[in-house]
Amino acid sequence: MPDKPIVVVGRKLPEAVEARLARDYRPKFNTDDRLYTAEELTALCADADAIMPCHTEHLSAEVIAQLPDSLKIIANFSVGVDHVDLEAAKGRGILVTNTPDVLSDATAEIAMLCMLGAARRASEGDRLVRAGKWKTWSPAFMVGTQITGKRFGVIGMGRVGRIAAKRARGFDMEIHYTKRRRLDPAQEAGAIYHASVEDLLPHCDVLSLHCPATPENLDLINAARLALLPDGAILVNTARGAIVDEAALMAALRSGKLAAAGLDVYKGEPHIDPAFFEIENVFLLPHIGSATAQTRDAMGFRALDNLDAFFAGRAPHDRVA
Ligand code: DGY
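It should be emphasised that the depicted structure is a prediction, and the values quoted were computed from it without experimental measurement.

Student: Lay out the domain arrangement of the protein with the relevant residues and their values.
Tutor: When its domains are assigned, the protein resolves into domain 1 (6–102 + 293–311) and domain 2 (104–284). Each of domain 1 and domain 2 was reduced to a C-alpha centroid, and the two centroids are 31 Å apart. If you look at the interface, domain 1 gives seven residues, while domain 2 gives six residues. Carbon and sulfur atoms make up 42% of the area that domain 1 and domain 2 hide from each other, which totals about 570 Å². Considering only the surface of domain 1 that becomes buried against domain 2, His-55, Asp-82 and Asp-101 emerge as the three largest contributors, covering 64% of it. Where domain 1 packs against domain 2, one counts two salt bridges. In this structure, the salt-bridge partner of Asp-82 is Arg-240, at a minimum N-O distance of 3.0 Å. For the side of domain 1 that touches domain 2, a count of residues per class yields two nonpolar, three polar and two charged.

Student: Please provide a residue-by-residue account of the side chain of His-210, values included.
Tutor: By the element assignment, His-210 lies in the loop between β9 (206–209) and α10 (223–226). Take His-210: its relative accessible area is 12%, and that puts it in the buried class. Discounting chain neighbours no more than four positions away, the residues touching His-210 are Ala-111, Val-154, Ile-155, Gly-156, Val-160, Gly-161, Ala-164, Thr-238 and Ala-239.

Student: Quick one: what's the story with the site of the ligand, residue by residue and with numbers?
Tutor: The full set of residues close to the ligand is His-55, Ser-78, Val-79, Gly-80, Leu-103, Arg-240, His-287, Ser-290 and Met-299. Take His-55: an N or O atom from its side chain is 2.6 Å from an oxygen atom of the ligand. Contact between the ligand and His-287: an oxygen atom at 2.7 Å from a side-chain N or O atom of the residue. Contact with the protein chains covers 90% of the free accessible surface of the ligand, which is 230 Å².

Student: Before we move on, can you summarise the nonpolar core with the specific residues and values?
Tutor: Core analysis: the largest hydrophobic core is formed by 31 residues, its most contacted members being Ile-155, Leu-207, Leu-249 and Leu-258. For this core, the element with the highest residue contribution is helix α11 (residues 246–255), accounting for five residues. If we ignore the near neighbours within four places in the chain, the residues touching Leu-258 are Leu-226, Leu-229, Gly-232, Ala-233, Leu-235, Leu-249, Ala-252, Leu-253 and Asn-281.

Student: So what's going on with helix α12 (residues 293–311)? Which residues, and what values?
Tutor: Helix length check: α12, at 19 residues, gives a terminal C-alpha distance of 27 Å against a target of 27 Å (1.5 Å per residue), a fit within 8%. Along α12, the residues classified as buried are Thr-295, Met-299, Gly-300, Arg-302, Ala-303, Leu-304, Asn-306, Leu-307 and Ala-309. Residues of α12 that are buried make contact with β1 (6–9), α1 (15–24), β3 (50–52), β4 (73–75), β5 (95–97) and α5 (104–119). Following α12 by one or two positions, Gly-313 has its phi on the positive side, about 85°.

Student: Give me the sheet that holds strand β8 (residues 192–194): which residues, what numbers.
Tutor: Spatially, β8-β7-β6-β9-β10-β11-β12 is the arrangement adopted by the seven strands of the open sheet, whose pairing is parallel. Across the chains shown, the open sheet's two edge strands, defined by having one partner strand only, are β8 and β12 (282–284). Pairs of neighbouring strands in the sheet enclose a mean axial angle of 15°, with direction left out of account. Where β9 meets strand β10 (residues 233–237), four bridges bridge the pair, whose relative direction is parallel.

Student: Account for the packing of α1 against α12, naming residues and giving values.
Tutor: As a packed pair, α1 and α12 sit with axes 8 Å apart at the nearest point and diverge in direction by 20°. Taken together, α1 and α12 sit at an angle that is classed as roughly parallel. At the point where α1 passes α12, the crossing takes the right-handed sense. Seen from α1, the contacting residues are Ala-16, Val-17, Arg-20 and Leu-21; seen from α12, they are Arg-296, Asp-297, Gly-300, Phe-301, Leu-304, Asp-305 and Asp-308.

Student: Break down the environment of Arg-319 for me, with residues and values.
Tutor: Examined against the element boundaries, Arg-319 turns out to sit in the segment after α12. For Arg-319, a relative accessible area of 53% puts it in the exposed group. The sequence separation of Arg-319 and Leu-95 amounts to 224 residues, and the corresponding C-alpha distance is 7.1 Å. Arg-319 has contacts with Leu-95, Val-96 and Thr-97, leaving out every residue within four places of it along the chain. Of the polar contacts made by the side chain of Arg-319, one reaches the backbone oxygen of Ala-321; its length is 3.0 Å.

Student: Which residues make up the pattern of salt bridges, and what are the values?
Tutor: This model, assessed by the stated rule, comprises 24 salt bridges. Ionic pairing is found between Arg-26 and Asp-3, a salt bridge with its closest N-O pair at 3.9 Å. Placement of the pair is Arg-26 in strand β2 (residues 26–28) and Asp-3 in the segment before β1, with a sequence separation of 23 residues. Arg-26 gets classed as partly exposed once you look at its relative accessible area, which sits at 37%. With a closest N to O distance of 2.7 Å, Asp-318 and Arg-302 form a salt bridge. Note that Asp-318 is positioned in the segment after α12 and Arg-302 in helix α12, a separation of 16 residues in sequence. Beyond isolated ion pairs, a larger network of salt bridges with shared partners links Asp-101, Arg-159, Arg-302 and Asp-318.

Rules and cut-offs
Residues numbered from 1 in each chain as written. Predicted model: local features only at pLDDT ≥ 70, side-chain atom pairs only at ≥ 80, totals over all residues. Heavy atoms only, no water. Domains from an automatic or database assignment. Contact = heavy atoms within 4.5 Å. Buried area = accessible area lost by both parts, 1.4 Å probe. Salt bridge = Lys/Arg side-chain N within 4 Å of Asp/Glu carboxyl O. Nonpolar A, V, L, I, M, F, W, Y, C, P; charged D, E, K, R; others polar. Helix = DSSP H or I, 4+ residues; strand = E, 2+ residues; numbered from the N terminus. Buried < 20%, exposed > 50% of the residue type's maximum accessible area, 1.4 Å probe, protein only. Near = heavy atom within 4 Å. Polar contact = N/O pair within 3.5 Å; in protein donor to acceptor, adjacent residues only side chain to side chain. Areas by Shrake-Rupley, 256 points an atom, 1.4 Å probe, with all protein chains shown as cover. Core = buried A, V, L, I, M, F, W, Y, C linked by side-chain atoms within 4.5 Å. Expected span 1.5 Å × (residues − 1). Pairing = 2+ DSSP bridges. Axes fitted to C-alpha atoms, helices over the stretch in contact; angles between N-to-C directions. Parallel < 35°, antiparallel > 145°, perpendicular 65-115°, else oblique. Left-handed = near helix turned anticlockwise from the far one by under 90°.

Right, dumping it as structure tokens:
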């Protein structure tokens, strides 16, 4: 019987996922959950057949160039694959998979949290109470934006975007969206289609981003596009920081063009621009869209299903390159 494949595991994974890895593979676990440098990662991969990274491991063209010929699959523990140079992987004949579907509910929940946290000034309220500075109640105290019955705009009406829209309907929100190709009526479920981002923006009291950080989406939300939103709109980003021009966003928050923003993702995270800390009307979370025990298990099992299929000679379900 051939040796079990060697799998380099990027981060510490849930217990049940590591147990399955240990049963079926020869894993190299990251027991202290350190962020590997590119050099450490390539050294660990020297004799590996596969790698299971998270979005925190950057598989750039340079890193991929140094992977051994034995390494045939990058089975991501993530739906986003912007941390992997897909062209470089293709060029080396390395297959790439991701973990779609299993984190859509959890991420849509965080989009709702970001929307409500921003609209109802949750961080400000929390800070005030914790600092012992809450002295009185008055009709003018901590007045926010009511979202019930307002318009919820989605860029990227894919798996997560459609669930976020469904949840927003629970607040009687009218759904607007744009997407390269219009959805069929069943998937649209009454949502109003706009052919371009520019067409969509004036119809968004809340704009929720759910598109991937492909090269063409970098800084998709810039000053010119923010200006197209209605005054007092709310921006929600649970996708990737790279799709928002953060300087333009901060300017729109400071000027009051935007009432607020709810963010779970940032450029350069976890080292986010400290200028955000000085802005009151932004609700900040630390990239926890998929952070529930149930979802993290499901992500690991989905990545393992892809590995299992590959090493059994079948096509992995979630091949992206
Ligand atoms: C994903 O899966 O892309 C999430 O952002 C966590 O990495």
